[in-house]
Amino acid sequence: MTPSTRKIRLILDLRRRGITNTDLLSAFERVPREDFVPDAFLDQCYEDIALPIGYGQTVSQPSVVATMLQALEIESGHKVLEIGMGSGYQTALLTYLCRRVYAIELHKELQREAEKRLYALNRNNFTSMAGDGSLGWPQQAPFARIISAAAADDVPRKLAEQLDDGGILILPIGGEKEIQKIVKVVRVGDEFEIEDLGPVRFVPLVQNSS
Ligand code: SAH
């Protein structure tokens, strides 16, 4: 099977799992996941599995990425904050869905490599930095949408506070050994409405205790 046949099979699979947002499905069609995984895993790049990207991290499972992005209800004019840039794969998807992406990655080397990959694919509507995403990006706030690819113990207050009124934050919650769940936080004025979207497994969001 060629990579493009595998990619089509993956997209059909996402549709079967309830991914109906056509902009999102076409973003999956446009982003070459083979450019975001190490050579040793090329034959598996369109399997619905997480794959190692170095530094003990992984590029997330496509169906999990799709479920979270669909729940984010992105519009083309949106400014989106992404935490846990990793390989840059999800950043690439986001660049097709919104006006501008602000991406934060804890590991400097991963952030640099991801940035290079995105520029090589002519994705230019993003800004990235290395740092602790649990603090958000106060200089660029507020954001219409925030998504974290790394799990936190609880909703980081500093992140939720960087949402626009009506803004949505999607993130996994729960410790490494627990069953984690995806949570949707909607800002309504100074209140935050929290909805549980179901179980999932993610790497931990490293947070400074200070
Ligand atoms: N979206 C990524 C998935 C990366 S896995 C992709 O498509 O490849 C989660 C990432 O979150 C890892 O790269 C990890 O280094 C990063 N991470 C963990 N804690 C973080 C933090 N506090 N701030 C920013 N990134 C963090």
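Calculation rules
Residues numbered from 1 in each chain as written. Predicted model: local features only at pLDDT ≥ 70, side-chain atom pairs only at ≥ 80, totals over all residues. Heavy atoms only, no water. Helix = DSSP H or I, 4+ residues; strand = E, 2+ residues; numbered from the N terminus. Buried < 20%, exposed > 50% of the residue type's maximum accessible area, 1.4 Å probe, protein only. Lys, Arg positive; Asp, Glu negative; His and termini not counted. Salt bridge = Lys/Arg side-chain N within 4 Å of Asp/Glu carboxyl O. Contact = heavy atoms within 4.5 Å. Phe/Tyr/Trp six-rings, centres within 6.5 Å; stacked < 30°, edge-to-face > 60°. Lys NZ or Arg CZ within 6 Å of the ring centre and 35° of its normal. Polar contact = N/O pair within 3.5 Å; in protein donor to acceptor, adjacent residues only side chain to side chain. Expected span 1.5 Å × (residues − 1). Arc of directions from axis to C-beta.

Draft legend 1. How the structure looks around the side chain of lysine 7. If you trace the backbone, lysine 7 turns up in helix α1 (residues 3-16). Of the buried charged residues, lysine 7 lacks a salt bridge, with glutamate 34 as the closest side chain of opposite charge at 5.4 Å. Beyond its immediate chain neighbours, meaning those up to four positions away, lysine 7 contacts Phe28, Glu29, Arg30, Val31, Pro32 and Tyr46.

Draft legend 2. Representation of the packing of aromatic side chains in the model. The final tally for this structure, using the stated rule, is 5 aromatic pairs. When the centroid spacing of 5.7 Å and the interplanar angle of 65° are considered together, the rings of phenylalanine 36 and tyrosine 89 count as edge-to-face. With phenylalanine 36 in the loop between α2 (22-30) and β1 (51-54) and tyrosine 89 in helix α4 (residues 89-97), this residue pair connects regions lying 53 residues apart in the sequence. Given a relative accessible area of 1%, phenylalanine 36 falls into the buried group. Given a relative accessible area of 2%, tyrosine 89 falls into the buried group. A ring pair is formed by tyrosine 119 and phenylalanine 126, whose centres lie 5.1 Å apart and whose planes are at 35°; its orientation type is tilted. Three or more aromatic residues joined by ring pairs form one cluster here, namely Phe28, Phe36 and Tyr89. One Lys or Arg, lysine 79, reaches over the ring of phenylalanine 143 and ends 5.5 Å from the middle of that ring.

Draft legend 3. Structural detail: the side chain of histidine 78. One can find histidine 78 in the loop between α3 (62-71) and β3 (79-83). We classify histidine 78 as buried; its relative accessible area is 12%. With sequence-adjacent residues up to four places away left out, histidine 78 is seen in contact with Glu73, Cys98, Arg99, Arg100, Ala144 and Arg145.

Draft legend 4. Up close: the environment of serine 134. Secondary-structure assignment places serine 134 in the loop between β5 (126-130) and β6 (143-148). Take serine 134: its relative accessible area is 5%, and that puts it in the buried class. Residues serine 134 and tyrosine 102, 32 residues apart in the sequence, show an inter-C-alpha distance of 13 Å. Within the structure, serine 134 has its side chain in polar contact with the side chain of aspartate 132 (distance 2.7 Å).

Draft legend 5. Here's a closer look at helix α5 (residues 108-120). An ideal rise of 1.5 Å per residue puts 18 Å on 13 residues; α5 measures up with 18 Å between its terminal C-alpha atoms. Among all positions in α5, only Leu110, Gln111, Ala114 and Leu118 are buried. Seen along its axis, α5 keeps its buried residues to an arc of 95°; they face one direction. For α5, the exposed residues set more than 90 degrees away from the buried face come down to Arg112, Lys116 and Ala120. If you follow the buried residues of α5, they end up packed against β1, β2 (57-59), α4, β4 (100-105) and β5. Asparagine 122 occupies a position one or two residues after α5 and carries a positive phi of about 60°.

Draft legend 6. Quick peek at the environment of aspartate 196. Considering the arrangement of structural elements, one finds aspartate 196 in strand β9 (residues 191-200). Taking relative accessible area as the criterion, aspartate 196 reaches 47% and is therefore assigned partly exposed. Through-space distance from the C-alpha of aspartate 196 to that of proline 172 is 9.7 Å; in sequence the pair is 24 residues apart. In contact with aspartate 196, other than residues within four places in its own chain, are Lys181 and Ile182. Here the side chain of aspartate 196 touches glycine 198 through a polar contact of 3.0 Å, landing on its backbone nitrogen.

Everything listed here is a matter of coordinates, which is why it stays silent on function.
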